Structures are given as C-alpha cells and as structure tokens.
Amino acid sequence: VLPRAAAAASAAPTFRIVFGAYLNHVPEEAERGEYFKVDTSDGAVCQITTGAGRIEEHGIAISSDGARAVLHANFESKRPITTHMRLWSIDFSATTTIPTPTKQSPTLISGNVEGFVELFGFCGADTRDVYVVTSHKSKTYLNCLCSCGGGKGGCGVTDHDALQESNASPSCPPLISRDKTCWIEESPREFARLVIGRSSSKQCRIAPLPHPQMPPDLRPAWNDFVCTRVEWRASDGKEITGFLFSASAARLNESMASTPLLVHAHGGPAISMPLRRSDATNATRYPYRHYLAAGFNVFTPCFRGTLGFGDGFAQANIGGQGISDLDDLVTGVHALKLRPDTPVGIFGGSYGGYMTLRALSEHPKMFAAGCAMYGFVHNRFMTFEGGDFTWETEYLGSPDRWPLSDHADATRSDIFDKLCDISAPTLLLHGEDDDICTPSQSHVAYHVISRKGPDVPCELVVYPGEGHGFCKPHFRRDRCERSLAWFLKHMKVDVDGGVAPQSLLNGSSRSTSVT
C-alpha cells in the first residue's frame, strides 16, 4: 500500500514498484519529497534517495527488468523551487541510495543543461535507453540517452539524429525502438502532427493529425490561429522572451498595433513555458481561444522566475517579486509598439493573479481592465494560513522574522497596501476550497477595491468545491464567458461575431458564489 502522500508509481512487469512521496501533508511550492521502491516479493519499502529536494508527480520510471530506475529531482535544500531538476539514473544491483550530487553522480539530461525536463521514460520494453523531452528558452528537444553507456558515471547519447531539436510535444510521450521513432511534433508554426523517423537517417515522414474545427459560420477558423516569438530587453538590459497569439496572420502583423491586447501573466512563477501553436486553440488551464475569436491578441511574457532559461533566470526574481518580473512584463508591452489608444487588459492565475493585481496597482494608465484568478495579496498571511513555508523562505526569507515592520524585504513584494491604487475594473475569480492561495486573499482585494465606488467596478466570484484552479466543466465555461464579457465591456471592444454572452455584459459590482 502506497503512502497517502505518494505521487504516481511506476512498476516493472517483474517484481518491483518505484514511487515518489512528498514530505509535507499540505501542498508545498517546493514539492519536496523522496523516492522509494517496493519489491512485491516481500512488500518491503526501501527509500532510494536522501535529500532529493524537489520531485514531481510522474518523476520516476523503472526499466522492464526492474534493474534500473531514472528519476527527476534537484537534490537542492536551499532553493528547491527555482533550481532546475535533473534526471538521475540508479542501478539497483549496485547501490540503494543516490548520494548528494557530485561530478561523478550519474545524471541524464538532454539538450542544454539549463533546460527543463518535460517528459522522460524508457524507450521500450527490452531496453535501458531513456528518452528525454526538454524545453530550453521555450523551444523543445527530444533526445535518446543510453542509460548504461558513456563511461564512468556518465550516460552517452545514441545516434538518433532525427531526435535533435525536434519541437517534440512536451505532453505526449514518444514511441522509440532500435530502428524507428515516432513522436508528436508541435511548433510555433505548425499544429501537432505525427513524425516518424529512423535512427539511421535524418529523414522523417510527417503525417498530419485531425484537429477540431469551429462551426463553418463562425470566423476566424482555428486553422487561421497563429503565434510568434517576441524578444526584447527589460529596463536593466536583461533579454526576455514572450509569445504573441492571434486569430490571423493579418491581425498579428498589419493590424497588431491597433488590435486590443490581453496580457497573460503566467502562474508559478517557476514553471516552464514551451511555445506551441496549439496553445491558441486548446482548452488549457488558461485558454486563449475565446479571447482570440472575439478580436483580442494575447501576449504571454516569460518574465524572470520562469523555468527553462537556466537557474540564474529562474532565481532572478528572488527578493524582487512584483518588481523585476513586472518590469519584464511592462517593457514587453512597450516592445509591441501599440498605438496609444489601443486598449490593454491583463489576466492570470495563482502567481499570475498576484501579478495582475500588482500590474493594475503599479501601472494604472497602461491597463484598462484585469481578471485576477486565485491570486494573493499578502505573503506572510498566505504562508501561515495555508501552512506552506517553502514559498516565503525561498523568495523572501525566513517566515520567523518578526515584527514585519522591521523587515522591509519581507513585505516589499506585497500588494496589500497598494490595492487602494487600483483604478481599473477588476474581476476576481477564486475556488472556495483553494488551500494554496486561500480565497480570503481575493475577499480582501474585493472589499478594498469595491470601496472605491461605482467608478471602479469590481466583482468577486467564488466557485464552490473548486480548489487552486477550476476543474468542473460548467465552472470553466463560466470563467471563460465571464472574463471575456468583462474585458469586452470595460475595454470598450466591439463584440466580434457574437461570441460574447450578452447575459454577462451587463453585470454590476458584486460578490457572489456560482453553483
């Protein structure tokens, strides 16, 4: 029986199961844990890592013969959130514990070592070779690593030439054999398609995949949706990357300067952001397609703190949350060179919800409206209400420093004292059972902003039974319809094609629960 805190398990068809287990019973941003194995012959549980640091739900795989495992961890105690995880190989016939990483430790990683491991696993039932999909600077790479070669403590890369820089999907495992490889390719220019290659040749065969189509009477069609990479320099000269999504190439190019813009501040912030054209049309955690179909462009900056750009970049907003990363976002909007009268809105969830409120308070003239989903306004209060001490410890310092008035560095990222500066219409969405960014954070924001009166519309919607994010289909639909209606109304954008639900266009300031 696996422990309650166990993540997903991997089993060999012979006699062995491996799994990861988190150390804390409350959700942690650091996701600290250890990995274990169970031999089904006697049921004995053996811990195979010590001080693994950050682990992940599907973070360990075992070969079919049960003799080797590959796991994903960073073995980091000081900065487990912002240190990229690596792949580690362990031979059960040789050792039972992976030591603290040294130069001699067996590590498996594809592409640039600054990349983020999106997917990995064993290539087949009769091999110990491992495939790895990594993202680096928003590009994805697929490699095959020889887990039992490469000399002392190392791992050699096989001759699967077709797998290099392949735009491999970060969400779909490839199928790899000794002489043939199949994977799903996604790129900024192409939707997902099947690629079939051979290890002895760089030539690949590409097969298109069917995609859902919009009704023929509704334009623009999803096949017209496009995205592109944008690069600029922040105020301090730091190179920043972002993505721009649009419903058509013409809207992305000729009319971009006059097309209403929505900025998506991503959550985390320590998450990877590979660029895929399908993000424009998919029903993801933060879907764009309803915004694009209604006439907006969507801009997603990979600000400081994002994974996949190296540890230095991921740790660059420590002590500067809502400051340096917000500057990355704002300078990105300026880099698009919009017309002065082009309306700009902003939305995001979790850390993106915090960034939305921060942006609205710090740059009231730039943003015409905002939608903050399950965000936070006060770090210390969130720490002790939720019970996760790893967030504040890594980003701001020890949560045991009292009183707060004596530690300006612990509070300068908070927006509690700046909520009164918000003057743009603000929509707040939160899950009733959110135990990470608790709903009290949005309640506080709502009460502060709503006291400014009817000139600053503010609405709070609490979804019953939902946690940190919205899962139930009818609530996800309500989120999309309600946020779209909010931006159309308060950014004074004409409804394009009747996409916006008229029943929501006339909403007033209120706090409510949706059932």
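A quick note: this is a predicted structure, and the numbers were derived from the prediction, not measured.

To continue, consider helix 4 (residues 324–335). Here helix 4 spans 16 Å end to end across 12 residues, near enough to the 16 Å set by a 1.5 Å rise per residue. Residues of helix 4 that are buried: Ser324, Asp325, Leu326, Asp328, Leu329, Val330, Thr331, Gly332 and Val333. Those residues of helix 4 that are buried are in contact with strand 17 (226–233), strand 18 (239–246), strand 19 (261–264), strand 20 (297–302), strand 21 (344–349) and helix 5 (351–362).

Let us now look at the pairing of strand 10 (residues 130–136). Among the 7 residues that make up strand 10, 7 are buried, leaving the element largely enclosed by the rest of the structure. Burial along strand 10 is two-sided: Val130, Val132, Thr134 and His136 and Tyr131, Val133 and Ser135, pointing in opposite directions, are all buried. Relative to strand 10, strand 9 (residues 116–122) runs antiparallel, the two being bridged by 6 bridges. Paired with Phe120 across the strands is Val132, a residue of strand 10.

A few words on the packing of helix 4 against helix 5. Put simply, helix 4 and helix 5 touch, their axes get as near as 11 Å, and they point 70° apart. Classed by the angle they form, the pair helix 4 and helix 5 counts as roughly perpendicular. In this structure, helix 4 uses Asp325, Leu326 and Leu329 to contact helix 5, whose residues at the interface are Tyr351, Met355, Arg358, Ala359 and Glu362. Residue composition of the contact of helix 4 with helix 5, by class: 5 nonpolar, no polar and 3 charged.

Each value, and the rule that gives it
- Residues numbered from 1 in each chain as written.
- Predicted model: local features only at pLDDT ≥ 70, side-chain atom pairs only at ≥ 80, totals over all residues.
- Heavy atoms only, no water.
- Helix = DSSP H or I, 4+ residues; strand = E, 2+ residues; numbered from the N terminus.
- Expected span 1.5 Å × (residues − 1).
- Buried < 20%, exposed > 50% of the residue type's maximum accessible area, 1.4 Å probe, protein only.
- Contact = heavy atoms within 4.5 Å.
- Pairing = 2+ DSSP bridges.
- Axes fitted to C-alpha atoms, helices over the stretch in contact; angles between N-to-C directions.
- Parallel < 35°, antiparallel > 145°, perpendicular 65-115°, else oblique.
- Nonpolar A, V, L, I, M, F, W, Y, C, P; charged D, E, K, R; others polar.

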